[in-house]
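# Inside the fold
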Amino acid sequence: MAVIAMWKCDRDNSMFENRKEADAHDRMLELGEQFSRLLEQVIPQVDEKAAEEFGLVLARNKELIIQACKGKPEVMSEIALQDDKVTRLAASR
């Protein structure tokens, strides 16, 4: 029987085949949490779930956000609003 090492992300219990991917995912989630907190501070009446979703969108697309801040605002149209690894269920639509 073969044993396969898996790494578990601290924040959302996602499983990864290597530590580098798990660490990168965990850092992305931390960044998303910080974006969410910032949004909640700026707009106190924002829904917590909406702030979390927005924070994760920014975190997943941080490279495009950086490019936009450096003078290429057109790259904002390339931002992925959904996580490519997640398949939406018909009941949630």
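The structure under discussion appears in the preceding block.
Here's what I pulled together on the structure shown here.

The rules we used
- Residues numbered from 1 in each chain as written.
- Predicted model: local features only at pLDDT ≥ 70, side-chain atom pairs only at ≥ 80, totals over all residues.
- Heavy atoms only, no water.
- Buried < 20%, exposed > 50% of the residue type's maximum accessible area, 1.4 Å probe, protein only.
- Helix = DSSP H or I, 4+ residues; strand = E, 2+ residues; numbered from the N terminus.
- Arc of directions from axis to C-beta.
- Contact = heavy atoms within 4.5 Å.
- Axes fitted to C-alpha atoms, helices over the stretch in contact; angles between N-to-C directions.
- Parallel < 35°, antiparallel > 145°, perpendicular 65-115°, else oblique.
- Left-handed = near helix turned anticlockwise from the far one by under 90°.

### What to know about helix H3 (residues 62-69)
- Every buried residue belonging to H3 is among Leu-64, Ile-65 and Ala-68, and all of these are buried. Down the axis of H3, the buried side of the element spans an arc of 100°, and every buried residue falls inside it.
- Here the buried face of H3 lies against helix H2 (48-60).
- Where H3 terminates, the next one or two residues include Gly-71, which has phi positive at roughly 110°.

### Side note on the packing of helix H1 (residues 19-42) against H2
- One can describe the packing of H1 onto H2 by two numbers: an axis separation of 7 Å at closest approach and a directional angle of 130°. Considered as vectors, H1 and H2 are oriented oblique to each other. The element H1 and its partner H2 pack so that their crossing is right-handed. Facing H1, whose interface residues are Met-28, Leu-29, Leu-31, Gly-32, Phe-35, Ser-36, Leu-39 and Glu-40, H2 presents Glu-48, Ala-51, Glu-52, Phe-54, Gly-55, Leu-56, Leu-58, Ala-59 and Arg-60.

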